[in-house]
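Coordinate analysis (summary)
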Amino acid sequence: MKYKTWRALDNEAVNSALLDIAILHVKLALEYSDKNTLSCRKEVIRAEIQRLRMERDRILERKA
């Protein structure tokens, strides 16, 4: 997996897409960890993070 990741980072468009995914993932994780975040919102956040992981994996597999 590490080799695939490094090869994917050679492409500027792929790099940008992966960076966007990472930024959104971090924002969602911060919101999730906030003590005031409702449990129903946490469910939505978990689903969105799962979707982001799948998108990341799809991008990396396509570049392999």
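To be clear, the structure that these remarks concern was listed above.
It should be emphasised that the depicted structure is a prediction, and the values quoted were computed from it without experimental measurement. (Residues numbered from 1 in each chain as written. Predicted model: local features only at pLDDT ≥ 70, side-chain atom pairs only at ≥ 80, totals over all residues. Heavy atoms only, no water.)

Here we take up the side chain of threonine 37. Here threonine 37 lies in the loop between helix 2 (12-33) and helix 3 (39-63). A residue is classified by how much of its surface remains accessible, and threonine 37, at 14% relative accessible area, is buried. A polar contact of 2.4 Å, which involves the side chain of threonine 37, links it to the backbone oxygen of glutamate 31. (Helix = DSSP H or I, 4+ residues; strand = E, 2+ residues; numbered from the N terminus. Buried < 20%, exposed > 50% of the residue type's maximum accessible area, 1.4 Å probe, protein only. Polar contact = N/O pair within 3.5 Å; in protein donor to acceptor, adjacent residues only side chain to side chain.)

Moving on, we come to the pattern of salt bridges. Per the stated rule, a full pass over the model turns up four salt bridges. Here glutamate 31 and arginine 41 are joined by a salt bridge, their closest N and O atoms 2.7 Å apart. Remark: arginine 41 occurs in helix 3 and glutamate 31 occurs in helix 2; sequence separation between them is ten residues. Judged by relative accessible area, glutamate 31 falls into the partly exposed class, the value being 30%. Exposure remark for arginine 41: the relative accessible area of 32% places this residue in the partly exposed category. (Salt bridge = Lys/Arg side-chain N within 4 Å of Asp/Glu carboxyl O.)

Among the structural elements, alanine 22 can be located in helix 2. For alanine 22, a relative accessible area of 37% corresponds to the partly exposed category. Each C-alpha atom of the pair alanine 22 and leucine 52 lies 8.4 Å from the other, and the pair is 30 residues apart in sequence.

Across its 22 residues, helix 2 extends 31 Å between first and last C-alpha, which sits within 8% of the 32 Å expected from 1.5 Å per residue. Val14, Leu18, Ile21 and Leu28 are the residues of helix 2 that are buried. Burial along helix 2 is one-sided: seen end-on, the buried residues are contained in an arc of 90 degrees. Turned more than 90 degrees from where helix 2 packs its buried face, Glu12, Lys27 and Leu30 sit exposed. Looking at where helix 2 begins, the residue whose side-chain oxygen comes 2.9 Å from the main-chain nitrogen of alanine 13 is asparagine 11. (Expected span 1.5 Å × (residues − 1). Arc of directions from axis to C-beta.)

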